[in-house]
Amino acid sequence: DAELFVAGLVAGASTELCKVALLHPLDTAKTRAQWAWAARARERQFLARLRAESHRVEEALEEEEAAEEASRRSLSRMLMPARPWSGLAPALLLAAPQGGLFFAVTDVLRAHLLEVAVRAGAGAGVRARARARAA
């Protein structure tokens, strides 16, 4: 059981470390893009209020066009961030123990449950054969 637990711990930790390290840049880009789109929605609401309250419609339209251009540029920067692995260390520190324990416990439980199922199945099979012979 101890060997199985350690093997599951190492396998799970390695799996989670690889997964987090490879997917972290994509998660970072996705989170930054979602944040930018939410900020852009707030900006549009602000510009709409400005247009409604202001007689300076031309200025509001110019501000909106400038904001849209800035949004396009910032979106391309966010999808290809300068430091895609920024913040990776905390993610790895959380993922390794979580993955290791999950795999270790799953492997040990699977082995024990399989052993119990085999015993129960073997016992039932022996009883069934004995009944068949007696009949």
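Calculation criteria
For every chain, the first residue of the written sequence is number 1, and numbering continues from 1 onward in sequence order. A pLDDT threshold of at least 70 governs which residues receive local features in this predicted model, and a stricter bar of 80 or more applies before side-chain atom pairs are shown or counted, although totals over entire chains, interfaces and linings include all residues. Side-chain figures throughout are based on the complete set of non-hydrogen atoms in the structure, without hydrogens or water. For helices the rule is a DSSP run of H or I covering at least 4 residues; for strands it is a run of E covering at least 2, with both sets numbered from the N terminus onward. For every residue, the accessible area (1.4 Å probe, protein chains only) is compared with the maximum for its type, and the residue is labelled buried under 20%, exposed over 50%, or partly exposed between those bounds. Every residue pair with non-hydrogen atoms within 4.5 Å of one another is taken to be in contact. Accessible surface is estimated by sampling points in the Shrake-Rupley manner with a 1.4 Å probe; for residues, cover comes only from the protein chains shown. Criterion for a salt bridge: a side-chain nitrogen of Lys or Arg within 4 Å of a carboxyl oxygen of Asp or Glu. Each Phe, Tyr or Trp ring (for Trp, its six-membered ring) is paired with any other whose centre lies within 6.5 Å, and the angle between the two planes then decides the class: stacked below 30 degrees, edge-to-face above 60, tilted in between. Grouping into patches uses exposed residues only, defined as over 30% relative accessible area, and leaves out salt-bridged ones; the cut-off is 9 Å for like charges and 5 Å for nonpolar side chains (Val, Leu, Ile, Met, Phe, Trp, Tyr).

1. Overview of the overall build of the chain
Reasoning step 1: A count of helices and strands for the chain gives 3 helices and 0 strands.
Reasoning step 2: In the chain, the succession of helices and strands from N to C terminus is α-α-α.
Reasoning step 3: Across the 135 residues that make up the chain, the buried fraction comes to 20%.
Reasoning step 4: The contacts in the chain between residues at least 6 apart in sequence include a share of 87% that link residues at least 24 apart.
Reasoning step 5: When the accessible surface of the chain is split by element, carbon and sulfur atoms take 66% of a total near 10000 Å².

2. Examining the pattern of salt bridges
It is possible for side chains bearing opposite charge to pair when their charged atoms get close.
Reasoning step 1: Evaluation of the coordinates by the stated rule reveals 2 salt bridges.
Reasoning step 2: Note that Asp107 and Arg110 form a salt bridge whose closest N and O atoms lie 3.8 Å from each other. Within this pair, Asp107 and its partner Arg110 are both found in helix α3 (residues 88-134), separated by 3 residues, close to a single helical turn.
Reasoning step 3: Taking the relative accessible area as the measure of exposure, Asp107 reaches 22% and is therefore partly exposed.
Reasoning step 4: The class for Arg110 is exposed, based on a relative accessible area of 54%.

3. What about the packing of aromatic side chains?
Reasoning step 1: Evaluated as defined, the whole model comprises 1 aromatic pair.
Reasoning step 2: Measuring from ring centre to ring centre gives 5.7 Å for Phe102 and Phe103, while their planes differ by 85 degrees; the resulting arrangement is edge-to-face.
Reasoning step 3: The exposure class of Phe102 is exposed, given its relative accessible area of 51%.
Reasoning step 4: Overall, Phe103 belongs to the partly exposed group, its relative accessible area being 29%.

4. Looking at a nonpolar patch on the surface
Reasoning step 1: Where nonpolar side chains cluster on the molecular surface, the patch consists of Val6, Leu9, Val10 and Leu101 and spans about 330 Å² of accessible area.
Reasoning step 2: Sorting elements by how many residues they give to the nonpolar patch places helix α1 (residues 2-53) first, with 3 residues.
Reasoning step 3: When you line up the elements, Val6 lands in helix α1.
Reasoning step 4: According to the relative accessible area criterion, Val6 is partly exposed, its value standing at 46%.

5. A short note on the environment of Gly99
Reasoning step 1: Inspection of the secondary structure puts Gly99 in helix α3.
Reasoning step 2: Spatially, the C-alpha atoms of Gly99 and Thr15 are 7.2 Å apart, while their sequence positions differ by 84 residues.
Reasoning step 3: If we skip the residues at most four places from it in the chain, Gly99 touches Gly12, Ala13 and Glu16.

6. Brief notes about the side chain of Glu16
Reasoning step 1: The topology assignment puts Glu16 in helix α1.
Reasoning step 2: What makes Glu16 buried here is its relative accessible area of 11%.
Reasoning step 3: Among all residues touching Glu16, those that are not within four sequence positions of it are Ala95, Gln98 and Gly99.

7. Considerations on the side chain of Thr28
Reasoning step 1: With respect to the helices, strands and loops of the structure, Thr28 is situated in helix α1.
Reasoning step 2: Among the residues examined, Thr28 registers a relative accessible area of 11% and is labelled buried.
Reasoning step 3: Apart from residues no more than four positions distant in its own chain, Thr28 is found in contact with Pro84 and Ser86.

Nothing here speaks to function; it is all geometry.
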